[in-house]
There are 2 protein chains.
Amino acid sequence: MHEIYIFLMAIAIILIVAKLFGEVAVRCGQSAIVGELLAGVIIGPSVLGLVSETPVLAGIAEIGAIILLFEVGLSLNIKEFAKAGGWAAAVAIVGVILPYIFGYYVFLQFGFSSTQAIFAGAVLTATSVGITARVFMDLKRIETQEAKIVLGAAVIDDVIGLAILAVVLKLVSGGVVTAGTIAQVSGMAILFLIVSVGAGLLIAPTLFKYVSKMKQDQVVFIMAVAFCLIISAVASKVGLAPIVGAFAAGLVLSSTEYKTEIRKRVMPLYVFFVPIFFVLMGTQVDVSVFNPFIEANRTILLLTAVLFAVALISKTAAGFVVFKKGVNKLLIGVSMVPRGEVGLIFAGIGLKNNVFGCDDYSALVAVIMLTTFVTPFILKYLISKDNK
Amino acid sequence: MHEIYIFLMAIAIILIVAKLFGEVAVRCGQSAIVGELLAGVIIGPSVLGLVSETPVLAGIAEIGAIILLFEVGLSLNIKEFAKAGGWAAAVAIVGVILPYIFGYYVFLQFGFSSTQAIFAGAVLTATSVGITARVFMDLKRIETQEAKIVLGAAVIDDVIGLAILAVVLKLVSGGVVTAGTIAQVSGMAILFLIVSVGAGLLIAPTLFKYVSKMKQDQVVFIMAVAFCLIISAVASKVGLAPIVGAFAAGLVLSSTEYKTEIRKRVMPLYVFFVPIFFVLMGTQVDVSVFNPFIEANRTILLLTAVLFAVALISKTAAGFVVFKKGVNKLLIGVSMVPRGEVGLIFAGIGLKNNVFGCDDYSALVAVIMLTTFVTPFILKYLISKDNK
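Residues numbered from 1 in each chain as written. Chains lettered and ligands numbered in written order. Predicted model: local features only at pLDDT ≥ 70, side-chain atom pairs only at ≥ 80, totals over all residues. Heavy atoms only, no water.

Draft legend 1. Spatial organisation of the overall build of chain A. Scanning chain A for helices and strands turns up 16 helices and zero strands. In chain A, which comprises 388 residues, the share counted as buried stands at 58%. Put simply, chain A shows about 15,000 Å² of open surface, and 67% of that area lies on carbon and sulfur atoms. (Helix = DSSP H or I, 4+ residues; strand = E, 2+ residues; numbered from the N terminus. Buried < 20%, exposed > 50% of the residue type's maximum accessible area, 1.4 Å probe, protein only. Areas by Shrake-Rupley, 256 points an atom, 1.4 Å probe, with all protein chains shown as cover.)

Draft legend 2. Spatial organisation of the packing of helix α3 (residues 55-75) of chain A against helix α3 (residues 55-75) of chain B. Running from N to C, α3(A) and α3(B) point in directions that differ by 70°, and their axes come no closer than 8 Å. If you check the angle between α3(A) and α3(B), you find them roughly perpendicular. Contacts from P55(A), V56(A), G59(A), I60(A) and I63(A) of α3(A) reach α3(B) at P55(B), V56(B), G59(B), I60(B) and I63(B). Split into classes, the residues belonging to the contact of α3(A) with α3(B) amount to eight nonpolar, two polar and no charged. (Axes fitted to C-alpha atoms, helices over the stretch in contact; angles between N-to-C directions. Parallel < 35°, antiparallel > 145°, perpendicular 65-115°, else oblique. Contact = heavy atoms within 4.5 Å. Nonpolar A, V, L, I, M, F, W, Y, C, P; charged D, E, K, R; others polar.)

Draft legend 3. Examining the pattern of salt bridges more closely. Residue and element names in this part refer to chain B. Overall, the coordinates contain six salt bridges over all chains when judged by the stated rule. Close ionic contact of R27 with E23 constitutes a salt bridge, the shortest N to O distance being 3.0 Å. Highlighted residues: R27 and E23, both in helix α1 (residues 2-27), separated by four residues, approximately one helical turn. Judged by relative accessible area, which is 7%, E23 ranks as buried. Here R263 and E71 are joined by a salt bridge, their closest N and O atoms 2.9 Å apart. Residue R263 is located in helix α12 (residues 259-283), and its partner E71 is located in helix α3; the two are separated by 192 residues in the primary sequence. (Salt bridge = Lys/Arg side-chain N within 4 Å of Asp/Glu carboxyl O.)

Draft legend 4. The interface of chain A and chain B, seen in detail. Residue-level contacts link 55 residues of chain A with 54 residues of chain B. Taking both partners together, chain A and chain B bury about 4,700 Å²; carbon and sulfur atoms supply 80% of that area. The largest per-residue losses of area from chain A upon contact with chain B belong to L8(A), K19(A) and Q216(A), which jointly make up 13% of the total buried on that side. Taken together, the connections running from chain A to chain B amount to zero salt bridges. Counting the contacts that link chain A with chain B gives eight residue pairs in polar contact (both at pLDDT 80 or more). With 17 residues, helix α1 (residues 2-27) of chain A is the single largest residue contributor to the side of chain A that touches chain B. (Buried area = accessible area lost by both parts, 1.4 Å probe. Polar contact = N/O pair within 3.5 Å; in protein donor to acceptor, adjacent residues only side chain to side chain.)

Draft legend 5. Region of the structure containing the relation of the copies chain A and chain B. Mapping chain A onto chain B calls for a rotation angle of 180° and an axial translation of 0.0 Å; the resulting RMSD is 0.0 Å. Look at the turn and shift together and you get a two-fold axis relating the two. Looking at the rotation axis and the C-alpha trace of chain A, the residue lying nearest is V56(A), at 2.3 Å. (Least-squares fit on C-alpha atoms with pLDDT ≥ 70 in both.)

Draft legend 6. Expanded view of the environment of L240(A). Within the secondary structure, L240(A) sits in the loop between α10 (219-237) and α11 (242-253). Here L240(A) falls in the buried class, since its relative accessible area comes to 2%.

Draft legend 7. Layout of the side chain of T125(A). Mapping T125(A) onto the fold places it in helix α6 (residues 114-125). Those residues in contact with T125(A), other than ones at most four positions away along the chain, are G95(A), V96(A), Y100(A), D157(A), I164(A), K315(A) and F346(A).

Draft legend 8. Molecular detail of the environment of K215(A). Relative to the helices and strands, K215(A) resides in the loop between α9 (179-211) and α10. Under the relative-accessibility criterion, K215(A) is labelled exposed at 57%. Contacts of K215(A), omitting those with residues within four sequence positions, involve E23(B), V26(B) and R27(B).

Draft legend 9. Spotlight on unusual backbone geometry. Of note, Q218(A) is a non-glycine position whose phi angle comes to about 55°, a positive value. By secondary structure assignment, the location of Q218(A) is in the loop between α9 and α10.

Draft legend 10. Examining the packing of aromatic side chains more closely. What the rule picks out here adds up to 17 aromatic pairs over all chains. Ring plane angle 80° and centroid distance 5.5 Å describe the contact between F119(A) and F356(A), whose orientation is recorded as edge-to-face. Taken together, the positions of F119(A) in helix α6 and F356(A) in the loop between α15 (340-352) and α16 (358-387) put the pair 237 residues apart, joining distant regions of the chain. The same class applies to F119(A) and to F356(A), which are both buried. Aromatic pair F272(A) and F273(B): ring centres 5.7 Å apart, planes at 80°, arrangement edge-to-face. (Phe/Tyr/Trp six-rings, centres within 6.5 Å; stacked < 30°, edge-to-face > 60°.)

Draft legend 11. The arrangement of helix α5 (residues 85-109) of chain B in detail. Residues and elements named next belong to chain B. Between its first and last C-alpha atoms α5 spans 36 Å; for 25 residues at 1.5 Å apiece the expected length is 36 Å, and the two agree. Taken residue by residue, α5 has A88, V91, A92, G95, V96, P99, G103, V106 and F107 as its buried positions. Positive phi shows up at G111, right after α5, with a value of about 85°. (Expected span 1.5 Å × (residues − 1).)

Draft legend 12. Looking closely at the packing of α5(B) against helix α6 (residues 114-125) of chain B. Residues and elements named next belong to chain B. Two elements in contact, α5 and α6, have axes whose closest approach is 7 Å; the angle formed by their N-to-C orientations is 145°. Where α5 crosses over α6, the handedness of that crossing is right-handed. Facing G95, V96, P99, Y100, G103, Y104, F107 and L108 of α5, the residues of α6 in contact are S114, Q116, A117, I118, A120, G121, A122, L124 and T125. (Left-handed = near helix turned anticlockwise from the far one by under 90°.)

Draft legend 13. How the structure looks around α6(B). Spanning twelve residues, α6(B) covers 17 Å between terminal C-alpha atoms, matching the ideal 16 Å at 1.5 Å per step. Burial analysis of α6(B) places nine of its twelve residues in the buried class, which makes it a mostly covered element.

Draft legend 14. Up close: a nonpolar patch on the surface. Where nonpolar side chains cluster on the molecular surface, the patch consists of V47(A), L48(A) and L50(A) and spans about 280 Å² of accessible area. Residue position: L50(A) is located in the loop between α2 (32-43) and α3. (Patch = residues over 30% accessible without salt bridge, like charges linked within 9 Å, V, L, I, M, F, W, Y side chains within 5 Å.)

Draft legend 15. A look at the side chain of E23(A). Reaching out from E23(A), the side chain makes a polar contact with the backbone nitrogen of K215(B) at a distance of 2.8 Å. Residues within four places of E23(A) in sequence aside, it is in contact with M214(B), K215(B) and Q216(B).

Draft legend 16. Focus on the environment of V367(A). All names here are of chain A. With respect to the helices and strands, V367 occurs in helix α16. Given a relative accessible area of 0%, V367 falls into the buried group. Expressed as a C-alpha distance, the spacing of V367 and K140, which sit 227 residues apart in the sequence, is 28 Å. In this structure, V367 is in contact with L124, T304, L307, F308 and A311, ignoring residues within four places of it in sequence.

The structure is reproduced here in structure tokens:
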């Protein structure tokens, strides 16, 4: 009975602090997500210790990330999304190369080994589309040209990032990295997206025509969620992040006549699951690495500051490869800045494989957190300036 | 990545089979729940083995049970519910005493020990309000007089059942059961309901007036869910089933002006979480105990048949204590028949404490399953007859 108590209380606390801190953020003119992340930091193990991650909460948060990207996919128009494809690819590729080179160089300058530097570079390449998508959603900007390029770039980035991760892991485990391995991993990812969206577009309209004839309440909505979960599961099976599949599923269903109905019903799931995902991300932050009064932290603080500047500038620069009139290049670049959950996963793998020690790991986590915290503020500012 | 695949696929499969089997049930004029339970039996370990319970799925199913009872509480009117209180108590008390005596007697007749008989009696006392509530919901009968008496009785039954369980567990662990222990456990349960509903009625209107002024989307709904989870958690803390707290929370919020809004938003959560609960209940059934071609199963089959008859008749008889005009006594009695999850939990505790062997445990599980399967059919029939 004690476990059930902890479990139910954890979800209740997460939902309440998410809404309270989210409210403060909204009233300060910011996106609710900043409040939710901060709420997570405060109730997490490094401050109050009210909630810490358990397998059940992690599972629910995983559904949160999936629902988030599903809704992002649903809100898009697949034809317009395809149009943004070329620019998205350009932004993604430059947005991987620049942070990688700079991250690698900074780590070497601070006296780390080349293996550590290679891994640190990889950590900085990932883009967390979740944070940015949420800001665009909160500000009702999800259907702009910029949002489409950014979301496309983030998806391509995810594909490239997973290829890099596979390659880096081979390096760590002493394996030989060949052009063949790289081609195989990346090829798989790209193939998955093309096949899943293509097959989905062929099957979904007929499938959901039958589903819509079923007599139970909200059956189209539940079957759409099941469809999304299956594609997410298959994505994880081929070594991709499940959210890539969720995004593909949303994209497929956005072209059906049931789009509006599904989106309306998904919203209550969204407001339940998604804040759990963001608050749990916040709980994984250890604030003690920021304490400047501890002598040993100073080099780490300097490393953090330099890496943060590099992380910010290198992704922002990627936005400027879009040579298209009327597009806010700065907005695109800044949108690519947050590393979020993908960066955290990379850093965690580095720690687990003894590539990173506690110091450099903490620095990377701090940078990931800073990019995640700072982006919504800058985006909000840029969008409000854009409106004038 | 493999774990995520299994997890996401399990939820997708559960949702899809729930809707497909539910559809068949609905088209056959039955409640969707019969289909969902059967879907669980078929995908469960004893038939196809597609899905088996994991801690994460159990956690999600727990939320399903909580959302179900929350919605049941929300759909009621607290004043009318209080009016049904006296009759509900009478039905509950008789519905505990009769099955207990008969279950005890049958077990002794089949040559089991008196400890086993005492435990078996206890297993038969529990009423699973979930199944009945769902049937009433599906048939849009949740606001009838009969439904109110049954739901009230089921809640009181749960309170009595947990007192019996605590007492029986003391017996098994060699402790001394005194009138004091019994009074303490039961007193705690009753006190909890009175205090939580009373305090809730005082606090909730003011609390939710502030919440409704918050600027985020669907904030009243999410705070209502958090409120429900907290009361459920507290219920589990004082040794009650969490669903008792969820029911109390729903009852409290049903008297506020936000009732309609909360119910509308809860529905998508309901259609996502609740089928997961029922399908998982189905997966826990082992169909091999029903195989009559295995010699050793015959005594168990006879025991099962006799226990089933006793379980059916004794709870049905409890409905006839309601001496009120215009009330369908038979409908009330039959509604009390399903033992569902509460009975399963009791039987499981008996198995874990070595009170039951595999044989008698299987017989009890079969009886619980039969009462659960058969009730929606009888209820459907009685309600359709009532309409003429």
